Amino acid sequence: NYRRHRLEIPPPSEKDWIKDDEEDFFLQDPDRKRDALPQPFRMINKLVMQVFESAMEIIERREILQEAQKPKVQPTKCFPTAEFQVTGRANCLAVSGKYVFVGLSVGLSAFNTCDYKDVCAWDAVKTEICAIHASDLGNECHVLLAVDEMGLVRLFCFHKESFLLIKVLNEVRDISKRSTCVEVVLSPGGDYAGVLLQGNTKAWLEIYQLPKDSWLIEMEKNPQDAAGLTCSERRPSCTSARDTFLLQESLGSANQAVAKLNLPVLLLTVKPPKPITGSRFESPLDALKEVDNGSMLGLGYNHLIKDFQWELQEAIFRSTYQEYLEAKGVIKEEIPRHATFHFLLASQVLQVGPDMEVEPDVPAGIGVHWDGNHNFCLYLLKEQVDSDLKPDVVWPCAAPIACSAVSSCSRYLALAGEDATITIWDKHLGYPLSVTAILEERFIRSVHFL
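Here the structure is a predicted model, which is why all the values come from computation and not from measurement.

K.L.:
Any chance you could break down the overall build of the chain for me, citing the residues and the numbers?
P.N.:
For the chain, the helix and strand inventory stands at 7 helices and 20 strands. Once local pairs closer than 6 in sequence are excluded, the contacts in the chain between residues at least 24 apart make up 51%. If you sum the accessible surface of the chain, you get close to 30,300 Å²; carbon and sulfur atoms cover 54% of it.

K.L.:
Quick rundown of the sheet that holds strand β4 (residues 117-122)? Include the residues and the values.
P.N.:
Across the sheet, which stays open at both edges, the 4 strands sit in the order β1-β2-β3-β4 with antiparallel pairing between neighbours. In the strand order of this sheet, the two ends are held by β1 (90-96) and β4, each with one partner. Each strand of the sheet is rotated relative to its neighbour by a mean of 25 degrees, with strand direction disregarded. Across 5 bridges, the pairing between strand β3 (residues 107-112) and β4 is antiparallel. For Ala 110, the partnering residue across the bridge sits in β4 and is Cys 120.

K.L.:
Can you lay out the pattern of salt bridges for me, pointing to particular residues and giving the numbers?
P.N.:
Per the stated rule, a full pass over the model turns up 7 salt bridges. Here Asp 123 ties to Lys 126 by a salt bridge, and the two come within 3.5 Å at their closest N and O atoms. Under the relative-accessibility criterion, Asp 123 is labelled buried at 14%. Close ionic contact of Asp 426 with Arg 411 constitutes a salt bridge, the shortest N to O distance being 3.1 Å. Note that Asp 426 is positioned in strand β19 (residues 421-426) and Arg 411 in the loop between β17 (401-406) and β18 (412-417), a separation of 15 residues in sequence. The exposure class of Arg 411 is partly exposed, given its relative accessible area of 27%.

K.L.:
An account of the side chain of Asn 373 is requested, with residue identities and associated values reported.
P.N.:
In this structure, Asn 373 sits in the loop between β14 (365-370) and β15 (375-380). Judged by its relative accessible area of 18%, Asn 373 is buried. Ignoring anything within four residues of it in the chain, the contact list for Asn 373 reads Pro 273, Pro 400 and Ile 401.

K.L.:
Requested: an account of a positive patch on the surface, with residues and values cited.
P.N.:
A surface patch of like charges, here positive, comprises Lys 202, Lys 271, Lys 274 and Lys 390. Mapped onto the elements of the fold, Lys 202 is located in the loop between β10 (192-198) and β11 (203-209). Assessed through its relative accessible area of 54%, Lys 202 is described here as exposed.

K.L.:
Residue-level account of the state of the cysteines, with values.
P.N.:
Applying the stated rule across the entire model yields 0 disulfides. Of all cysteine sulfurs in the structure, the one in Cys 130 sits closest to Cys 92, which takes part in no disulfide; the separation is 7.0 Å. Judged by its relative accessible area of 15%, Cys 92 falls in the buried class. Here Cys 157 stays unpaired: no disulfide links it, and the sulfur of Cys 141, its closest cysteine neighbor, is 3.2 Å away.

K.L.:
Tell me about the environment of Val 447, and please be specific about residues and values.
P.N.:
Mapped onto the elements, Val 447 comes out in the segment after β20 (431-437). In the structure, Val 447 is positioned 33 residues away from Ala 414 in sequence and 7.4 Å away in space, judged by C-alpha atoms. Filtering out sequence-adjacent residues up to four positions away, Val 447 remains in contact with Cys 403, Ser 404, Ala 405, Ala 414, Ala 416 and Ile 422.

K.L.:
Could you give an account of the nonpolar core, with specific residues and numbers?
P.N.:
In terms of nonpolar packing, the biggest core is built from 32 residues, with Leu 205, Leu 268, Ile 366, Val 368 and Leu 381 touching the most fellow members. Here this core takes 5 residues from β15, the largest share from any one element. Counting only domains with at least three residues in this core, you end up with domain 1 (90-222 + 260-270) and domain 3 (338-449). Aside from chain neighbours lying at most four places away, what touches Leu 381 is Tyr 192, Ile 207, Leu 267, Leu 268, Phe 343, Met 356, Pro 363, Ala 364, Gly 365 and Ile 366. Among the nonpolar cores identified, the runner-up in size contains 24 residues, and Leu 137, Leu 155, Leu 186 and Trp 215 belong to it.

K.L.:
Which residues make up a nonpolar patch on the surface, and what values go with them?
P.N.:
On the surface, Met 49, Phe 52, Met 56 and Ile 59 cluster together into a nonpolar patch covering about 370 Å² of accessible area. Summarising the element assignment, Ile 59 is placed in helix α1 (residues 41-69). Under the relative-accessibility criterion, Ile 59 is labelled partly exposed at 41%.

K.L.:
Which residues make up a negative patch on the surface, and what values do they have?
P.N.:
Residues Glu 53, Glu 57, Glu 60 and Glu 63 make up a contiguous surface patch of negative charge. Within the secondary structure, Glu 57 sits in helix α1. For Glu 57, a relative accessible area of 46% puts it in the partly exposed group.

K.L.:
Any details on the packing of aromatic side chains? Residues and values, ideally.
P.N.:
Each aromatic ring pair is described using two quantities: the centre-to-centre distance and the angle formed by the ring planes. Applying the stated criterion across every chain, the model contains 9 aromatic pairs. Between Tyr 99 and Phe 158, the ring centres sit 5.0 Å apart and the planes meet at 70 degrees, which makes this aromatic pair edge-to-face. Here Phe 158 lies in strand β7 (residues 153-159) and Tyr 99 lies in strand β2 (residues 99-104), a separation of 59 residues in the sequence. Take Tyr 99: its relative accessible area is 4%, and that puts it in the buried class.

K.L.:
Run through the sheet that holds strand β16 (residues 393-396), naming residues and quoting values.
P.N.:
Backbone-to-backbone hydrogen bonds pair the strands of a sheet. The strands run either parallel or antiparallel. Strands sit in the order β13-β14-β15-β16 across an open sheet of 4 strands; the sheet is antiparallel. The open sheet has two edge strands, β13 (339-344) and β16, and neither has a second partner. The sheet shows a mean angle of 20 degrees between the axes of neighbouring strands, direction not considered. Bridge count for β14 against β15 is 4 bridges, and the pairing is antiparallel. If you follow Gly 365 over to β15, its bridge partner there is Leu 380.

Reading guide: rules and limits
- Residues numbered from 1 in each chain as written.
- Predicted model: local features only at pLDDT ≥ 70, side-chain atom pairs only at ≥ 80, totals over all residues.
- Heavy atoms only, no water.
- Helix = DSSP H or I, 4+ residues; strand = E, 2+ residues; numbered from the N terminus.
- Contact = heavy atoms within 4.5 Å.
- Areas by Shrake-Rupley, 256 points an atom, 1.4 Å probe, with all protein chains shown as cover.
- Pairing = 2+ DSSP bridges.
- Axes fitted to C-alpha atoms, helices over the stretch in contact; angles between N-to-C directions.
- Salt bridge = Lys/Arg side-chain N within 4 Å of Asp/Glu carboxyl O.
- Buried < 20%, exposed > 50% of the residue type's maximum accessible area, 1.4 Å probe, protein only.
- Patch = residues over 30% accessible without salt bridge, like charges linked within 9 Å, V, L, I, M, F, W, Y side chains within 5 Å.
- Lys, Arg positive; Asp, Glu negative; His and termini not counted.
- Charge placed at Lys NZ, Arg CZ, Asp CG, Glu CD.
- Disulfide = S-S within 2.5 Å.
- Core = buried A, V, L, I, M, F, W, Y, C linked by side-chain atoms within 4.5 Å.
- Domains from an automatic or database assignment.
- Phe/Tyr/Trp six-rings, centres within 6.5 Å; stacked < 30°, edge-to-face > 60°.

Take a look at the structure:
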């Protein structure tokens, strides 16, 4: 066998070329020209490179965001420094002085913030406490208002690591006449307490004066009674019959100590405003005579509009806006059953007469507004003489008041209306400082001073 033609090098063909997306493939290292991966490894390599590039882009974007966040003020992270172990479920707490009072599913408990230990517990009734308010009276004495699951308000005096039950403010013998507590407010310093109560068909506000000075005097005179009560209020872990007898004996002495403390004095009973009805006056002179008699001007009761005029005006209004009233489902106005109230210091608006002595940091009155009402009513904290209590000052607003707030110095008052308008008033001078309108179709539920 022999070859007829001379061997020649065949010309290169494109089918053997490496297909690469890079245009500068000829700049590759000649030594690595044969290192190209076959399929499907080239596809896998391409996908891996895409994932890697996407990850690098995400990392770069995050680094840019972190650099932008560095100049901004970072919030301080707070970590717990101590842990309190409680029996049952903790529902609420209040801080007064060096003690933390916790409302539990079985009563009350007090903790000392110095050593983080449980110093006292009250579980005589085995009731669940849902809300607590506390204030420091000085001389290791604190006043507490506790609301349980049944709506009963209990007034306690905490002295030298012992709970002294003074009174259940809304307790009645007839269960059908029992009222439920909706809200409680304790004035700064513990001079006054306000309780908003609801019955079956009505609601009212009760303001109590707390005789804290007499409490402090009695506590100093009889320190051994408080010490005896401390033993009875603590939870017995494992007691014998003799221990039980001793506990009952100490509990009896504690009840005697409670009986010696003066009870709080009911100063005011504020009821919601009555609906405005037709006038009973025959002439404008009769209405002016009513004002001269000392009746409050501003609630809208002293007018000359008759009942038939109210009915005619309502009929005209309903016939004109019939379709809108049916679409929105307007209901008949009812007597309000919830109120917001604040304890206020004396000011130019709430002036105190010469017959009333008020200390500088002690509240001189309260401000109340009921749901759906335009008026912010102010009452002086003095004993109620007339059964039909009327406000000393009426502060009318353009829209129904939705919520309110008072600054810590009691000088500034914020009133938010249902028309989403917030007005800041200076109570000492009696004029508005600012009026802020929020966006439409917004309802303001609460306002606070910082």
